[in-house]
Amino acid sequence: MQPKNMMKKKSTSASKASLLLFLCQMISALDVPLDSKLLEELSQPPTITQQSPKDYIVDPRENIVIQCEAKGKPPPSFSWTRNGTHFDIDKDAQVTMKPNSGTLVINIMNGGKAEAYEGVYQCTARNERGAAISNNIVIRSSRSPLWTKEKLEPNQVREGDSLVLHCRPPVGLPPPIIFWMDNAFQRLPQSERVSQGLNGDLYFSNVQPEDTREDYICYARFNHTQTIQQKQPISVKVLSAKPVTERQPILLTPTGSTSNKVELRGNVLLLECIAAGLPTPVIRWIKEGGELPANRTFFENFKKTLKIIDVSEADSGNYKCIARNILGSTHHVISVTVKAAPYWITAPRNLVLSPGEDGTLICRANGNPKPSISWLTNGVPIAIAPEDPSRKVDGDTIIFSDVQERSSAVYQCNASNEYGYLLANAFVNVLAEPPRILTPANKLYQVIANNPALLDCAYFGSPKPEIEWFKGVKGSILRGNEYVFHDNGTLEIPLAQKDSTGTYTCVARNELGKIQNEVQLEVKDPTMIIKQPEYKVIQRAGQVSFECTIKHDPTLIPTVIWLKDNGELPDDERFLVGKDNLTIMNVTDKDDGTYTCIINTTLDSVSASAVLTVVAAPPTPAIIYARPNPPFDLELTGQLERSIELSWIPGDENNSPITNFLIEYEDGLHEPGVWHYQTEVPGTQTTVQLKLSPYVNYSFRVIAVNEIGRSQPSEPSEQYLTKAANPDENPSNVQGIGSEPDNLVITWESLKGFQSNGPGLQYKVSWRQKDFDDEWTSVIVANVSKYIVSGTPTFVPYEIKVQALNDLGYAPEPSEVIGHSGEDLPMVAPGNVQVHVLNSTLAKVHWDPVPLKTVRGHLQGYKVYYWKVQSLSRRSRRHVEKKILTFRGNKTFGMLPGLEPYSSYKLNVRVVNGKGEGPASPDKVFKTPEGVPSSPSFLKITNPTLDSLTLEWGSPTHPNGVLTSYILKFQPINNTHELGPLVEIRIPANESSLILKNLNYSTRYKFYFNAQTSVGSGSQITEEAVTIMDEVQPLYPRIRNVTTAAAETYANISWEYEGPDHANFYVEYGVAGSKEDWKKEIVNGSRSFFVLKGLTPGTAYKVRVGAEGLSGFKSSEDVFETGPAMASRQVDIATQGWFIGLMCAVALLILILLIVCFIRRNKGGKYPVKEKEDAHADPEIQPMKEDDGTFGEYSDAEDHKPLKKGSRTPSDRTVKKEDSDDSLVDYGEGVNGQFNEDGSFIGQYSGKKEKEPAEGNESSEAPSPVNAMNSFV
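Remember, predicted model here, so these are calculated numbers, not experimental data.

## A few points about the overall build of the protein chain
Inference 1: When you go through the protein chain residue by residue, the secondary structure sums to six helices and 94 strands.
Inference 2: For the protein chain, the proportion of its 1273 residues judged to be buried stands at 41%.
Inference 3: In the protein chain, once contacts between residues fewer than 6 apart in sequence are set aside, the share between residues at least 24 apart is 65%.

## Some points on the environment of Lys514
Inference 1: With respect to the helices and strands, the residue Lys514 is situated in strand β46 (residues 513-524).
Inference 2: For the pair Lys514 and Gly461, spaced 53 residues apart in sequence, the C-alpha separation works out to 9.9 Å.
Inference 3: Every residue in contact with Lys514, bar those within four places of it in the chain, is listed here: Pro435, Val507, Ala508 and Arg509.

## What about the nonpolar core?
Inference 1: Residues Ile64, Ile66, Trp80, Ile106 and Tyr121 are the most contacted members of the largest nonpolar core, which totals 29 residues.
Inference 2: Breaking this core down by element, the ones donating at least two residues are β3 (64-66), β4 (68-73), β5 (77-82), β8 (104-106), β9 (119-127) and β11 (137-141).
Inference 3: Among the elements that make up this core, the one with the highest residue count is β9 (three residues).
Inference 4: Counting 20 residues, the second largest nonpolar core, distinct from the first, contains Ile373, Val393, Ile398 and Val403.

## Things to note about the pattern of salt bridges
Inference 1: Summed over all chains, the structure comprises 34 salt bridges.
Inference 2: Between Arg574 and Asp572 there is a salt bridge; the shortest N-O distance is 3.0 Å.
Inference 3: With relative accessibility at 13%, the residue Arg574 sits in the buried group.
Inference 4: The salt bridge partner of Arg856 is Asp824, with a shortest N-O separation of 3.5 Å.

## Overview of the side chain of Arg1004
Inference 1: In this fold, Arg1004 is placed in strand β84 (residues 1004-1012).
Inference 2: For Arg1004, a relative accessible area of 13% puts it in the buried group.
Inference 3: Looking at Arg1004, its side chain comes within polar contact range of the side chain of Glu1024, at 3.1 Å.

## Looking at the sheet that holds strand β72 (residues 831-839)
Inference 1: Strand order across the open sheet formed by three strands is β72-β73-β76, with antiparallel pairing between neighbours. The open sheet terminates on both sides in strands that have one partner only, identified here as β72 and β76 (893-896). Neighbour to neighbour, the strand axes of the sheet diverge by 20° on average, direction disregarded.
Inference 2: Bridge analysis of strand β73 (residues 842-848) against β76 gives four bridges, and the strand direction is antiparallel. The residue bridging Ala843 from the neighbouring strand is Leu896, located in β76.

## Focus: a nonpolar patch on the surface
Inference 1: A cluster of nonpolar side chains, Leu1148, Leu1151, Ile1152, Ile1155, Val1156, Phe1158 and Ile1159, forms an exposed patch at the surface whose accessible area comes to about 660 Å².
Inference 2: Checked against the element boundaries, Phe1158 lands in helix α4 (residues 1137-1163).

## Section: the sheet that holds β8
Inference 1: The three strands are arranged β3-β8-β7 in an open sheet whose pairing can be described as antiparallel. In this open sheet, the two edge strands, each paired with only one partner strand, are β3 and β7 (95-97). For this sheet, the mean angle separating the axes of adjacent strands, direction not counted, is 20°.
Inference 2: Bridge count between β3 and β8: three bridges; the pairing is antiparallel. When the bridges of β8 are listed, Ile64 appears paired with Ile106.

## So, the state of the cysteines
Covalent bonding between the sulfur atoms of two cysteines is what defines a disulfide.
Inference 1: Following the criterion strictly, the structure yields six disulfides and no others.
Inference 2: The partner cysteine of Cys167 in its disulfide is Cys218, sulfur to sulfur 1.9 Å. Taking the sign of the S-S torsion, -70° for the link of Cys167 and Cys218, the bridge is left-handed. Taken together, the positions of Cys167 in the loop between β13 (163-165) and β14 (177-181) and Cys218 in strand β17 (residues 213-222) put the pair 51 residues apart, joining distant regions of the chain. Across this residue pair, the class does not change: Cys167 and Cys218 are buried.
Inference 3: Across the protein chain, the way the bonded cysteines pair up, counted in sequence order, is 1-2, 3-4, 5-6, 7-8, 9-10, 11-12.

## Points about the layout of surface pockets
Inference 1: Size it by volume and the second largest pocket reaches roughly 1,200 Å³.
Inference 2: Around the second largest pocket sit 35 residues that line it, and Arg574, Asn586, Thr588, Pro657 and Ile658 are the ones nearest its centre.

## Re the environment of Thr1022
Inference 1: The topology assignment puts Thr1022 in strand β85 (residues 1021-1026).
Inference 2: With 83 residues separating them in the primary sequence, Thr1022 and Leu939 have C-alpha atoms 7.7 Å apart.

## Regarding the pairing of strand β60 (residues 671-682)
Inference 1: Where strand β59 (residues 660-667) and β60 come together, eight bridges link them in antiparallel fashion. Paired with Glu664 across the strands is Tyr677, a residue of β60.

## Describing the packing of aromatic side chains
Inference 1: According to the stated counting rule, one finds 24 aromatic pairs in the structure shown.
Inference 2: Seen from their ring centres, Phe546 and Tyr595 are 5.5 Å apart, and the 25° between their planes marks the pair as stacked. Here Phe546, found in strand β49 (residues 544-547), pairs with Tyr595, found in strand β55 (residues 593-600); they are 49 residues apart in sequence, far enough to count as distant. Neither residue differs from the other here; Phe546 and Tyr595 are each classed as buried.
Inference 3: Considering the side-chain rings of Trp953 and Phe1009, the 4.7 Å spacing of their centres and the 45° angle between planes classify their relative orientation as tilted. Here the residue Trp953 occupies a position in strand β80 (residues 949-956), and Phe1009 occupies one in strand β84, the gap between them amounting to 56 residues. Across this residue pair, the class does not change: Trp953 and Phe1009 are buried.
Inference 4: Aromatic ring contacts, followed pair by pair, group Phe179, Phe185, Tyr219 and Phe772 into a single cluster.
Inference 5: Against the face of Tyr216 rests Arg213, its NZ or CZ located 5.7 Å from the ring centre.
Inference 6: The ring of Trp1078 carries the charged tip of Arg1104 above its face, separated from the ring centre by 4.0 Å.

## Remarks on the pairing of strand β58 (residues 643-649)
Inference 1: Across the seven residues that make up β58, a large majority, five, are buried.
Inference 2: Both strand β57 (residues 632-637) and β58 contribute to a ladder of four bridges, which runs antiparallel. Bridged to Leu636 within β58 is Leu646.
Inference 3: Direction of pairing for β58 relative to strand β61 (residues 687-691): antiparallel, over a ladder of five bridges. Bridge pairing links Ser643 to Lys691 in β61.

## With respect to unusual backbone geometry
Note: most residues except glycine have negative phi, and most peptide bonds are trans.
Inference 1: The omega angle of the peptide bond from Thr253 to Pro254 is -5°, so this bond is cis rather than trans.
Inference 2: Assignment of secondary structure puts Pro254 in the loop between β20 (247-253) and β21 (258-264).
Inference 3: A cis geometry characterises the amide bond from Asn368 onward to Pro369, with omega recorded as 5°.
Inference 4: Of note in the backbone geometry, Asn295 takes a positive phi value of approximately 70° without being a glycine.
Inference 5: With relative accessibility at 75%, the residue Asn295 sits in the exposed group.
Inference 6: Residues other than glycine seldom take positive phi values, yet Asn757 does so here, at roughly 65°.
Inference 7: Turning to its location among the elements, Asn757 is positioned in the loop between β65 (743-749) and β66 (762-769).

## A few points about the side chain of Asn127
Inference 1: Secondary-structure assignment places Asn127 in strand β9.
Inference 2: One polar contact links the side chain of Asn127 to the main-chain carbonyl oxygen of Gln44, over a distance of 3.0 Å.
Inference 3: In this view, Asn127 contacts Gln44, Pro45, Pro46, Gly72, Lys73, Pro74, Pro75 and Pro76; residues no more than four positions away in its chain are not counted.

## Concerning the environment of Leu838
Inference 1: As for its position among the elements, Leu838 is in strand β72.
Inference 2: Among the residues examined, Leu838 registers a relative accessible area of 48% and is labelled partly exposed.
Inference 3: Distance in space between the C-alpha atoms of Leu838 and Thr928 is 8.7 Å, their sequence separation being 90 residues.
Inference 4: Contact partners of Leu838, with chain neighbours within four places excluded, come to Ala843, Lys844 and Met895.

How each quantity is defined
Residues numbered from 1 in each chain as written. Predicted model: local features only at pLDDT ≥ 70, side-chain atom pairs only at ≥ 80, totals over all residues. Heavy atoms only, no water. Helix = DSSP H or I, 4+ residues; strand = E, 2+ residues; numbered from the N terminus. Buried < 20%, exposed > 50% of the residue type's maximum accessible area, 1.4 Å probe, protein only. Contact = heavy atoms within 4.5 Å. Core = buried A, V, L, I, M, F, W, Y, C linked by side-chain atoms within 4.5 Å. Salt bridge = Lys/Arg side-chain N within 4 Å of Asp/Glu carboxyl O. Polar contact = N/O pair within 3.5 Å; in protein donor to acceptor, adjacent residues only side chain to side chain. Pairing = 2+ DSSP bridges. Axes fitted to C-alpha atoms, helices over the stretch in contact; angles between N-to-C directions. Patch = residues over 30% accessible without salt bridge, like charges linked within 9 Å, V, L, I, M, F, W, Y side chains within 5 Å. Areas by Shrake-Rupley, 256 points an atom, 1.4 Å probe, with all protein chains shown as cover. Disulfide = S-S within 2.5 Å. 1 Å grid on protein atoms, 1.4 Å probe; cavity = no way out; pocket = protein on both sides within 12 Å on 5 of 7 lines; lining within 4 Å. Points joined across faces, edges and corners; volume = space filled by probe spheres on them. Phe/Tyr/Trp six-rings, centres within 6.5 Å; stacked < 30°, edge-to-face > 60°. Lys NZ or Arg CZ within 6 Å of the ring centre and 35° of its normal.

Encoded structure:
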């Protein structure tokens, strides 16, 4: 029988009015009490209690178990159909049925094949009162087929284009779970740009160069069989395209502008839109004409998937996905229709009736489309079932009237449409049972007077019995307003009195019999407080008592509880609880509060409260306070494995009450002589229960504390050694940090001393790769705090746990921590490096962050290396001094301060992790604009005459641009040092001297001189000079023509002096542009030169010369710059004349020797050199390999690639470029050295020469530099 395909019963055309009238007259069905003894005795049709799911997919490797459990009275028998026909399990040796059950077990593990047992199964449970049937159970064997072999062509795609990698997994049962990984079994990272579709394909909205790889692998996981199938790797090569063309979005899936989607009610609705475009489009979802349902809507796969859970018909409609980037947008409309498999509105319920009663079975279901309702009885369509005059079918309702015991049956309701079916079993059980009383006989009920009393009389019978109550054995039936009779048979006495005590009889009768039961009722006197506690005021250190006297029923036992402020009384010996009172000794301020006495009996409870107020005691004479004396007489009792009781006698408190006791312990086994804090207790307590740890040899001591301080420790107690046990705790501070790219260093803080709980402390170290490994890898190590796991992938997360163990066992399961294997240097450089010059000394650099998977460690930041290449004004290169700026975190920009104006710079960017720096990005060149120049390098005034002066100057040390002109300003100074009018002259930039004419004779002038660029004026230099009188020397001495010759760390200063003899000179200098005080150096004697030492390389300095004793006369300022710091110079001997001459002589000598050898060889003889070599073999000559006669391989220190066999120098004695780019031929023979990174040669010249052994009659050739190099090992 297949319920989904059952015949539809023709609807009965009964009058609706007559049906309604019938239902109104119908007698309600019986309620069967849930009494286990009663249920065992009553007959009941079968009920299916457990069955396998409708769609049952089984593992082909395991036995098939098809469940069918049922209950009934008598116990039901079971039978099965397969594909609509009887399934005779006795004829199949592989099939058995469990005892007292309908569950089938098909033995697959002993030779059966799961595919042979596929089909539709249905179970029937039958007894004398009917038959219940199960759902149709469709058995299918799970399948995990292999991937079909296909030839996968490499995918070549231009940068920026879209790409779809098809998975096309094999069709399995159930469908597999799809995921993409690489050869290293690492999941491929997904993003808004790259993601997996619902069909398993991998979609690229646009490809980037980093997408190039040869190991895109699609995996299909079949959960039922626990297998994973792998597709062949797919190769993708991204072709560089410059520039990359941006494109507006187009949809990769779904195609077209509209599509349709049908989903079932209650399922999860998944809608997907994946778009291509550059920049990567962003997806947005809307519902046309409505809102997306709140609390049920979720977005997945970077908003490419719309997920609505528990869909209903209200979710039908048009859903639009919109893909948008900066170039435009596109959209797709999905029309969603929500259908519904049948679902219950009213499922039929079991019906228990008495003979002659009426009842109904109602089966109402809904769905889309509307399901059809059909009825079966005992598993047979009701249309062909045996007639029953008591039933009438009206569509979804069966009406029963005047039922008899033969009307008992199990009815099945089937509601089905094209999307599924529902099947429900409901029995009609017609019972004829005499009355039964389920309440135990002579049950005793006790109540307090003036409270309600409820006397039970649980019953059952069919037809439903009538219940009557009597008081006493021969009393009359109880009636009247003082009693309440409940439908379940309970008698209620709303206000029980003492005279209500007695025996009550319950009588149940129907047409099949009569039964009675007696219960007892006792009414007790209420409990009362006849003397309540009263409000009290007491002085500190006084004594107070609260009374609480009660009266109660003599048959009830009361219990008295005292509370303080609705909480328990303090655990303090000062509180004494008596039979009728509470006494508080030595009252303190803390005793203020409300005290309540509560009296409880098994039937009632009463309480009363009073307030205690504590006031200050009268003043007392001054008392001397001191620390307490130490406790004594320590005693250990109640020794257990994990606890012990310690008691002591307090010492004298010395007029200051002891506030608390400190208990300390010593571990004589692990730390003898060291005392540790254990606990503390209030000062009123002299006994404490102490928690102990295993495997510790305890001693205890007690310290008393009052407001003055601590007492001396007591004498130690006797020792107590606890037994060893498993560790209670695990190591703390567990960490996993790799020290190398291929390891994981697991560290932890070891357990201390007694924490081991026993001898033989060790640690179980376990680890597994997070989200990759299912199984843990574990080792057990000694009592150490570190373990190194080798051979790990680079920088991957690991789950780590460390568990302590000792000779007795393990500690509890430890918690897991996350660590990482070792870092390696980053793989790629930041891309798209851009520089924005903000002004002549400041620039901003931008870059794209590197993909996190290429960092191979914790991203610490980025480093920007930048350096000045040359000044644009001088066009001359200088020493390269690279500067480094570090930007922490995942920043993508930074500022470069302190740049020199009008200069060309280069920079590159590198990513930094915990291991170090990654490769540098390609050097980026940028230029700074012009700035204002520095001051002219010097200003000299010479050739004074009566009315003229000659000015000479040097160009600025730092022009910072193209000089446009010089500005000269000057003004006269009179004898009182007052300044006259200021004159300004603009001088062309290509001039270096000027003769000022028409000046006043014998007049001092002050000059101000500076240079200009298009940006503005630079700092100025000043000088003073005097015109002369006719044939008269100047009045004032002067120092002129100050010149400097600067090196890296020193400068030679020279000057010319005009004035009186025996002048004492000094030199003042400082950093140009600095506001620091001038530094002064005294010149010995009357010399006109001085050497400044200890200068900083590459720094501009200002200098001036003065003469002491000449009214502070000083020269004008001069500016110079020290040279940059240079590496120690090495003489390149290859460019020295003597070396070139020597090499030419050696070459000529070799040529002569070659000619002689050629002549001797043609004659077949040996020349003397050969004879000497044969006679005196050089012991340092390296032997040839026996197999091929070649020398040992030569290895390049750069790439470690060995030369191939036979790669020695050709017979023409020439060296090919590919053999060695680092050939030492240019440096002559016998060179044994190496090169620095900048190409400079370091090493030594060796006189050793390698000799080749002669073979046959061939004469040995003289070793050339080429041969020496190629045979060098």
